[in-house]
Amino acid sequence: MTQDELKTLVGQAALNYVEPGSIVGVGTGSTVNKFIDALAGIKHTLAGAVSSSVESTDRLQALGIRVFDAADVEELAVYIDGADEIDHAGYMIKGGGAALTREKIVAAQSRKFVCIADESKWVATLGHYPLPVEIIPMATRRIVREFAALGGSATVRLKNGKPLLTDNGQHILDVTGLKISDPLAFECRVNQWPGVVTVGVFALHKASVCLLGTASGVKTLTF
Ligand code: 5RP
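Residues numbered from 1 in each chain as written. Predicted model: local features only at pLDDT ≥ 70, side-chain atom pairs only at ≥ 80, totals over all residues. Heavy atoms only, no water.

### Side note on the packing of aromatic side chains
For the record, the criterion: For Phe, Tyr and Trp, rings pair up if their centres lie within 6.5 Å, where Trp contributes its six-membered ring, and each pair is then called stacked (planes under 30 degrees apart), edge-to-face (over 60) or tilted (otherwise). Numbering of helices and strands runs from the N terminus, with a helix taken as a DSSP run of H or I at least four residues long and a strand as a DSSP run of E at least two residues long. Any Lys NZ or Arg CZ that is within 6 Å of a ring centre and within 35 degrees of that ring's normal is treated as a charge sitting over the ring.
The full count for this structure, using the stated rule, is two aromatic pairs. An angle of 80° between the planes, with centres 5.0 Å apart, marks the rings of tyrosine 79 and phenylalanine 113 as edge-to-face. Linking tyrosine 79 in strand 4 (residues 76-81) with phenylalanine 113 in strand 7 (residues 110-118), this pair joins segments that are 34 residues apart in sequence. The side chain of lysine 94 reaches across the aromatic face of phenylalanine 202, ending 5.5 Å from its centre. In this structure, lysine 104 packs its charged tip against the face of phenylalanine 202, placed 4.9 Å from the ring centre.

### Here we look at the site of the ligand
Here is the rule we go by: Neighbouring residues are identified by heavy atoms, a residue being near a molecule or strand if any of them is within 4 Å of it. Polar contacts, as counted here, are pairs of nitrogen or oxygen atoms within 3.5 Å of one another; within protein the pair requires one atom able to donate a hydrogen and one able to accept it, and residues that are adjacent in sequence qualify only if both atoms are side-chain atoms. All accessible-area figures derive from a Shrake-Rupley calculation using a 1.4 Å probe, and residue coverage is judged against the displayed protein chains alone. Just so you know the grouping, Ala, Val, Leu, Ile, Met, Phe, Trp, Tyr, Cys and Pro go in nonpolar, Asp, Glu, Lys and Arg go in charged, and all remaining residues, Gly too, go in polar.
Around the ligand, 17 residues are found, and the nearest of them are Ser30, Thr31, Asp84, Gly95 and Lys121. For the ligand, an oxygen atom lies 2.8 Å from a polar atom in the backbone of glycine 95. Between the ligand and glutamate 103, the relevant distance is 3.1 Å, taken from an oxygen atom to a side-chain nitrogen or oxygen of the residue. Considering the ligand on its own, with 370 Å² of exposed area, one finds that the protein chains cover 91% of that surface. Of the residues that constitute the shell around the ligand, the class distribution is three nonpolar, eight polar and six charged.

### Some words on the domain arrangement of the chain
The test is simple: Where each domain begins and ends is defined by an automated method or by a domain database. By definition, residues are in contact when any of their heavy atoms lie within 4.5 Å. Buried area: the accessible surface (1.4 Å probe) lost by two parts on joining, summed over both. A carboxyl oxygen of Asp or Glu within 4 Å of a side-chain nitrogen of Lys or Arg is what we treat as a salt bridge.
Structurally, the chain comprises domain 1 (3-123 + 204-222) and domain 2 (131-199). Computed from C-alpha atoms alone, the centre-to-centre distance between domain 1 and domain 2 is 24 Å. Contacts between the two partners involve 15 residues from domain 1, matched on the other side by 19 residues from domain 2. Carbon and sulfur atoms supply 58% of the area that domain 1 and domain 2 bury against each other, a total of about 1300 Å² over both sides. Applying the counting criterion to the domain 1 and domain 2 interface returns one salt bridge. Measuring nitrogen to oxygen at the nearest pair gives 2.6 Å for the salt bridge that ties lysine 104 to glutamate 187. Take the side of domain 1 that touches domain 2: its biggest share by element is four residues, from helix 4 (residues 100-108).

Listed below in structure tokens is the structure:
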């Protein structure tokens, strides 16, 4: 199976976690887009969705699915999102699509995080994928130095030759060269640096379940 077919498979499998009549939390990315496509088939059973990005909101609304503001919803039963890397404990790197801040907010208001991923995302230790970090631009130089002290090399993500602006109007640093052996401690540490909006390590808000697309079908891993 191709990577695209594996994404379709896990996107469809995630429908099993959507409770009838509920508002579902929806992440961002190409795997989640497959989930949104699948969601269209059951949209009449849904109250609606809370979305983690303008991109996902646009897709949901185009399919006629009502999108609620996260601030107007107390709690969600489930949040479905992809990952750039996921490990044996359900810790993840996220933010390849620059939506990490809103993703972490929606994950935090959800009782269950279902990660949908093809098997290329499965890793022994986080850190091979460049770590996305959303930052306030005036703090860039200092945060780059902080990562250098940890052995990382941080660069500002560009779009059309200019710093990419997130949905929150901030910048993204992508950090290579890190081996994140203690994701919880790492997330807590980086969270404290002034100017960091969100670090793309999801350890405090890790996956509860991972639907992993493999050549032999969807594996359900619980953490
Ligand atoms: C977006 C994310 C995505 O979940 C992550 O980048 C995976 O994306 P894809 O499903 O396209 O591989 O964190 O900010």
